[in-house]
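Overview (structure and organization)
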Amino acid sequence: MDTRQMIVIFSSLVLTQMTLGNIDEFDCVDIYKQPAFQHPLLKHHKIPEKFTSNESFDRKSKYKTTDQSCPKGTVAILRQRSETESLHLDTDDHFGHHFAVMDTYPDASIYRGAQADISIHNLTLQNNQLSRSQIWLENGPPGELNSIQVGWAADGYKTTGCYNTNCPGFIIVTRNPSIGNIFKLSSVYGGDKTVIFTPHVYQEFDCVVIYKQPAFQHPLLKHHKIPEKFTSNESFDRKNKYKTNDQSCPKGTLTILRQRSETENLHLDTIYQFGHHKLAAMQRDMEELKARQTDVLRRVESEEETRSTQRTAEVKVWLKNVDNISRQVSYLINNSAAELQKLSRSGLCSKNLRSNCGYGDRVALMSKKLNDLKSESVTKTAEKENEFDCVDIYKQPAFQHPLLKHHKIPEKFISNKSFDRKSKYKTTDQSCPKGTVAILRQRSETESLHLDTDDHFGHHFAVMDTYPDASIYQGAQADISIHNLTLQNNQLSRSQIWLENGPPGELNSIQVGWAADGYKTTGCYNTNCPGFIIVTRKPSIGSIFKLSSVYGGDKTVIFTPHVYQEFDCVDIYKQPAFQHPLLKHHKIPEKFTSNESFDRKNKYKTNDQSCPKGTVEILRQRSETESLHLDTVDQFGHHFAAMDAFADESNYRGAQADISIHNLTLQNNQYSKSQIWLENGPPGELGWAVHPRVYGDSATRLTIYWTGDGYKTGCYNTECPGFIIITRKPSVGSIFKQSSVYGDKPVTFTPQVVQEFDCVDIYKQPAFQHPLLKHHKIPEKFTSNESFDRKNKYKTNDQICPKGTVAILRQRSETESVHLDTIYQFGHHFALMDASSFETIYRGAQADISIHNLTLQNNQYSKSQIWLENGPIAELNSIQVGWAVHPRVYGDSATRLTIYWTGDGYKTGCYNTECPGFIIITRKPSIGSIFKQSSVYGDKPVTFTPQVIQSFFGNWVLYVDDEIIGYWPGELFTHLNKGASRVRFGGNTFMSPDGISPPMGNGYVPIYDYERSSSFLQVKLMNDKYQSIEAETQMGVADSKCFTLISRDYTNETGNSFSFGGPGGSCGV
């Protein structure tokens, strides 16, 4: 192969750029004075115009290392090292070479090019070593070898050849540093992505005058004129989609692949012979497929008449595909004569004469489609799916068992809801009619008894046993991977769960296949003998898994069998709790038993089954359980790792936490729990426990415990009267379906015990105890159905008060609400943005405020809020809205929606509804409620949008996320009734007596990244004309070394915004 006919194109090198530090290693050299032209054979060589034309020469090459390039007419050449030894260095038979190569040696084949995506790696070598990853293109015997290695040699490494441009030969066209440059990126071992580049070496096409192309050598085309529409500017200049690069020939010429001298065009009879052979094979395949279609159709129709099952969707699709392909094959055969003649006239099918090859392509494609249809196992599928019979649910084999003659299937298993539910392992969408179940047809020769006793000769096991002392298990489950195996007829291979009890001679065993007397006289596979009762109407036991795992594949295919002993469905008023003497006359609040909450699915349920309305799921109690006095915390042998919250004189109304779930193996007389304790009085619990003594197993279960008299009475779960269950789903005592795996993301659940909001008549809420509001009437628009019933997104649960009432947070008796938060009190710190505008009076303000969780001491607080104020200091009117973490007000460190107001310079006023003033409109828990979500450092911030607007009647109305919450009547204020003269946005903290200030915002110093900062976004004001205006955010100030405030640039997404906060600590006063 003549090396002068080869060019190198480097593409996809956007990731392989050279570092700027090495740009000076290249020299800009006149394109015709580069080293290549010192070669005696290249003295008169002209670079093709298309390589140096303005369009291509000025085009920025995508692999350039910087924006710097040589001037026009020059190219970048790597400066040669004087000591470089380029000749004879890399002959393949040079001593010391090692190779790991993929060779292509086809007989008599000639290649016109090669390319590959090559991964890039950094290696450390000694000066006399080399390591390469490259492409070799070679021809000729060893003594005369021509070789291009992107670096090349032309005479068997004898006297010519070199690296890069170290000797004459390779012509560079690009003006950017290329040959010899350093790759900027390389692959990292174990990294997410392999860095690659794609060298492409190919032999050129020739530019030939359009009327001198080979076609016009045909005797019939000597005087042929190409239609003008084909050579018009529009079509002639259009880039041909099969071109190999972006370069194109000059107008009036076209690209013709340089022809190989040895090419032998096909002659007419050769093509006819080849074509007729292919057509005959295709016709035979079609006849075979039609015969198979007839057989499948007959079988499926016959089975439909017996009503054993219905025709599957897969069979219908296959039959339809056979009809379609039959029509296409008929068309190809009917038009074969004309198409073969057309094909023969064109000689050879080439890329620039694709239309002549279309018929051959269609024949080849149709042959492939025929083979694909023939290989589909649709007949087998139809046969297997029709192995099931639909049998009356009470006439299935199980009821032939003498112990099951009078057995009744629990109603919950055959109710419409569960009976119609599609099971995830179903093989098709077909199901038996109501009242029947799908039973696998039994093979007459099946031997089901005695076959699988564990001590049968020839068995082998690889099992994980659980043998706890005296422990009893109520169930088991696992995710089991599915695999296809090829076995002989007298072999078996299983992956399963065994649940067993009893001595070997009387062994009871469930294997999802079962035995009851040590394999002696009863037991069988599936439904081959009476025993197992099927409830589903879909093919199940004995069905073929549609998918299975592929060795080395991306994902393991699994299924999850789950065997468990049931809960019992008990009348809600006959559950154990009502046996307690103090609960004889207790009535369950109506909102707990309403349809909405009573039917709600809870996330820890073990299955989709639920008890009928009016009943609840109660875990069946073990007779030997000792529940009383068992868990007093001062009992000998207890150990604790607990986080206590002992606030002085504080009473808590609830608690919650995300608790990670784990599986542990314990002895029968041990237990381990992760839980929440809520306690009062001198020396209840909620969480998970592994407790063999209570449950008889080492499963991780949802567990509660309570006592009311120092562990003299009380119990676990519902083992003594006390705890009332509301849900109809398995709950207390149920096994968690998932648990955490060491090293993986923890699996959690969130128990929450709260004292509720109270539903209070809208006119008997605290606000109306204010002397100025005795005769106040709530505007009708606030209590209309539309706004009053609307759900808001920050609600803490699905409970809603009845019409005519509102949800009021139950007040703690010791709360000191007045004078608590005057901003002039010692110990306050602020990071504030004062809104500045040419306006003097504001009618409203709003912002998107990011929500964060903080941990504070009882006498600290931290707030992010909006202030609207007017009046002198002694008479200051102030409204404050936002979120707060305030243990002294709430008795916890939860982040809550919080408001505050004063009408007389903090002499009176309070938080939330702790004194008369703010009127609540919504029936949902709102003021004082805990935010369900909060921002996570590094993730997209979670925000809420408080908005306070003065109505035309003087009331200040609070909206949260566009939902009305309530309002401050204008009667409360002496200055704010004229509007707000000052609006501030930001954070406020109050330090503990030891001088430690709590964190503000998210507890981090703000940076220019919203995901890692606490922020106010879309900060807006409402002017005196009730027009929304952007608030300037350039006047921020933080009054302490512990906290910072930074303004942000305006964007459409964030509007005017700023970030603030800090970790707190010893911040001074």
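Since the model is a prediction, treat every value here as computed from it, not as a measurement.

Regarding the overall build of the protein chain
The helix and strand inventory of the protein chain stands at 16 helices and 51 strands. When each of the 1069 residues of the protein chain is scored for burial, the buried share is 43%.

Concerning the packing of aromatic side chains
In this structure the tally under the stated criterion is 26 aromatic pairs. When the centroid spacing of 5.0 Å and the interplanar angle of 50° are considered together, the rings of Tyr-573 and Phe-578 count as tilted. With relative accessibility at 36%, the residue Tyr-573 sits in the partly exposed group. When the centroid spacing of 4.8 Å and the interplanar angle of 70° are considered together, the rings of Tyr-705 and Tyr-716 count as edge-to-face. Of this pair, Tyr-705 sits in strand β27 (residues 701–706) while Tyr-716 sits in strand β28 (residues 715–716); the two residues are 11 residues apart in sequence, bridging distant segments of the chain. Tyr-716 carries the same exposure label as Tyr-705, and that label is buried.

Quick word on the state of the cysteines
Taken as a whole and judged by the stated rule, the model has 9 disulfides. Here Cys-390 pairs with Cys-432 through a disulfide, and the sulfurs are 2.1 Å apart. Residues Cys-390 and Cys-432 share a disulfide whose torsion about the S-S bond is about -85°; that sign makes it left-handed. On the criterion of sequence distance, the pair formed by Cys-390 in strand β12 (residues 388–392) and Cys-432 in the loop between α11 (416–419) and β13 (436–440) is long-range, its members being 42 residues apart. For Cys-390, a relative accessible area of 35% gives the class partly exposed. The exposure class of Cys-432 is buried, given its relative accessible area of 4%. Covalently, Cys-715 is tied to Cys-720 through a disulfide, its sulfur atoms 2.1 Å apart.

Brief notes about unusual backbone geometry
Of note in this structure, Asn-526 is not a glycine but carries a positive phi near 50°. With respect to the helices and strands, the residue Asn-526 is situated in the loop between β18 (514–515) and β19 (558–559). Here Asp-961, not a glycine, exhibits a phi torsion of approximately 50°, which is positive. Inspection of the secondary structure puts Asp-961 in the loop between β42 (956–960) and β43 (963–968).

Some thoughts on the pairing of strand β32 (residues 805–808)
Along β32, one buried face is formed by Thr-805 and Ala-807 and the opposite face, lined by Val-806 and Ile-808, is buried too. Inspection of the sheet shows strand β31 (residues 758–761) paired to β32 by 4 bridges, in the antiparallel sense. Note on β32: the bridge partner recorded for Cys-759 is Ala-807.

Details of the nonpolar core
In this structure, Leu-958, Trp-968, Val-983 and Phe-985 are the most contacted members of the largest nonpolar core, which totals 62 residues. In terms of nonpolar packing, the next biggest core, distinct from the first, is built from 17 residues, Met-286, Val-315, Ile-325 and Val-329 among them.

Observations regarding the pairing of β43
With 6 of its 6 residues buried, β43 lies for the most part within the structure. As judged from the 2 bridges shared by strand β39 (residues 919–920) and β43, these two strands associate in the antiparallel manner. From the neighbouring strand, Ile-920 faces β43, where its bridge partner is Gly-966. Where β42 lies against β43, 5 bridges are found, and the strand directions are antiparallel. From the neighbouring strand, Val-957 faces β43, where its bridge partner is Tyr-967. Joining the antiparallel neighbours β42 and β43 is a turn of 2 residues, in which Asp-961 adopts a positive phi near 50°.

A look at the side chain of Thr-436
Looking at the element boundaries, Thr-436 is found in strand β13. A polar contact is formed between the side chain of Thr-436 and the backbone oxygen of Pro-433, at a distance of 2.6 Å.

Observations regarding the confidence of the model for the protein chain
Of all residues in the protein chain, 70% have pLDDT values of 70 or greater, and the mean over the chain is 75. For residues 345–356, every residue scores under 50 in pLDDT, and the model assigns this stretch 15 contacts once sequence neighbours within four places are set aside. Throughout residues 379–385 the model reports pLDDT below 50, and contacts reaching past four residues in sequence, or to other chains, amount to 12 contacts.

Notes on the side chain of Arg-843
Tracing the chain through its elements places Arg-843 in the loop between β33 (828–834) and β34 (844–850). Judged by relative accessible area, which is 14%, Arg-843 ranks as buried. For Arg-843, the side chain forms a polar contact with the main-chain oxygen of Lys-978, separated by 3.2 Å. Discounting chain neighbours no more than four positions away, the residues touching Arg-843 are Val-948, Ile-949, Gln-950, Trp-956, Lys-978, Gly-979, Met-1022, Asn-1023, Asp-1024 and Tyr-1026.

Brief notes about the environment of Asp-761
In this structure, Asp-761 sits in strand β31. Sequence separation between Asp-761 and Lys-803 is 42 residues; the distance between their C-alpha atoms is 9.0 Å.

Some points on a nonpolar patch on the surface
Side chains of Leu-123, Leu-125 and Leu-130 sit close together on the surface and give an oily, nonpolar patch of about 270 Å² of accessible area. Within the secondary structure layout, Leu-130 lies in the loop between β5 (118–119) and β6 (137–139).

Concerning the environment of Gly-995
Among the secondary structure elements, Gly-995 is positioned in the loop between β44 (982–990) and β45 (996–997). Overall, Gly-995 belongs to the partly exposed group, its relative accessible area being 22%. Spatially, the C-alpha atoms of Gly-995 and Gly-1065 are 7.9 Å apart, while their sequence positions differ by 70 residues. Contact partners of Gly-995, with chain neighbours within four places excluded, come to Gly-1065, Ser-1066 and Cys-1067.

Conventions we followed
- Residues numbered from 1 in each chain as written.
- Predicted model: local features only at pLDDT ≥ 70, side-chain atom pairs only at ≥ 80, totals over all residues.
- Heavy atoms only, no water.
- Helix = DSSP H or I, 4+ residues; strand = E, 2+ residues; numbered from the N terminus.
- Buried < 20%, exposed > 50% of the residue type's maximum accessible area, 1.4 Å probe, protein only.
- Phe/Tyr/Trp six-rings, centres within 6.5 Å; stacked < 30°, edge-to-face > 60°.
- Disulfide = S-S within 2.5 Å.
- Pairing = 2+ DSSP bridges.
- Core = buried A, V, L, I, M, F, W, Y, C linked by side-chain atoms within 4.5 Å.
- Polar contact = N/O pair within 3.5 Å; in protein donor to acceptor, adjacent residues only side chain to side chain.
- pLDDT = per-residue confidence, 0-100.
- Contact = heavy atoms within 4.5 Å.
- Patch = residues over 30% accessible without salt bridge, like charges linked within 9 Å, V, L, I, M, F, W, Y side chains within 5 Å.
- Areas by Shrake-Rupley, 256 points an atom, 1.4 Å probe, with all protein chains shown as cover.
- Salt bridge = Lys/Arg side-chain N within 4 Å of Asp/Glu carboxyl O.

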